[in-house]
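Next come the chains, spelled out residue by residue.
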Amino acid sequence: MQINEKAIMSEDENIDVGLATKATPKTKKPKMYKVLLLNDDYTPMEFVVHILERYFGTSGSQAYELMMVVHQKGLAVVGVFSHDIAETKVMQVTELARKHQHPLQCTMEKE
Ligand code: TYC
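Going by the annotation in an unreviewed UniProt entry, the name recorded for the protein chain is ATP-dependent Clp protease adapter protein ClpS, with uncultured alpha proteobacterium EB080_L06A09 given as the source organism. Heading Sequence similarities (unreviewed entry) of the UniProt record for the protein chain holds this comment: "Belongs to the ClpS family."

Next up, the structure:
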């Protein structure tokens, strides 16, 4: 932590009286990114469940329910990660979907 000092001259004396102002934290918390899965008419439900289990730490009924949220609402946030992790997840999902010729869309946006 850096304590900032403001130079302030006292009015009648012209003396620099130091004023401690807000502390500046040295570390910044990383910006977080939402990873979104979008619905489409062609990707099989089981494939989406598999994606959620493999890349987003959900399993069984939880993965199925999250897939159904995307299916019914059009999209859902399936996880929140730092920039590079989110980017990697999007790439992995897109790569596997294309390999299986599914049009599944996965995107990220700043939280
Ligand atoms: N709507 C797809 C179907 O009925 C299932 C699906 C769910 C597709 C979620 C994409 O992100 C998705 N087969």
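There is more to say, and it comes next.
J.: Explain the packing of helix α1 (residues 45–55) against helix α3 (residues 83–99) to me, please; I cannot follow it from the model alone.
T.: Think of two packed helices as two axes; the pair is described by the angle between the axes and how far apart they sit. As a packed pair, α1 and α3 sit with axes 11 Å apart at the nearest point and diverge in direction by 145 degrees. α1 and α3 meet at a crossing whose hand is right-handed. Of α3, the residues touching α1 (which contributes Phe-47, His-50, Ile-51, Arg-54 and Tyr-55) are Lys-89, Gln-92, Val-93, Leu-96 and Ala-97. Across the contact of α1 with α3, the residue classes tally to six nonpolar, two polar and two charged.

J.: Hey, could you run me through the packing of α1 against helix α2 (residues 60–73) in this one?
T.: Where α1 contacts α2, the two axes come as close as 9 Å, and the packing angle between them is 120 degrees. Compared by their axis directions, α1 and α2 come out oblique. For α1 against α2, the interelement crossing comes out right-handed. Residues Met-45, Val-48, Val-49, Leu-52 and Glu-53 of α1 form the contact with α2, whose own contacting residues are Gly-60, Ala-63, Tyr-64, Leu-66, Met-67, Met-68 and His-71. Within the contact of α1 with α2, the residues separate by chemical class into nine nonpolar, two polar and one charged.

Rules used throughout
Residues numbered from 1 in each chain as written. Predicted model: local features only at pLDDT ≥ 70, side-chain atom pairs only at ≥ 80, totals over all residues. Heavy atoms only, no water. UniProt positions renumbered as here; feature names shortened; annotations may be inferred. Axes fitted to C-alpha atoms, helices over the stretch in contact; angles between N-to-C directions. Helix = DSSP H or I, 4+ residues; strand = E, 2+ residues; numbered from the N terminus. Left-handed = near helix turned anticlockwise from the far one by under 90°. Contact = heavy atoms within 4.5 Å. Nonpolar A, V, L, I, M, F, W, Y, C, P; charged D, E, K, R; others polar. Parallel < 35°, antiparallel > 145°, perpendicular 65-115°, else oblique.

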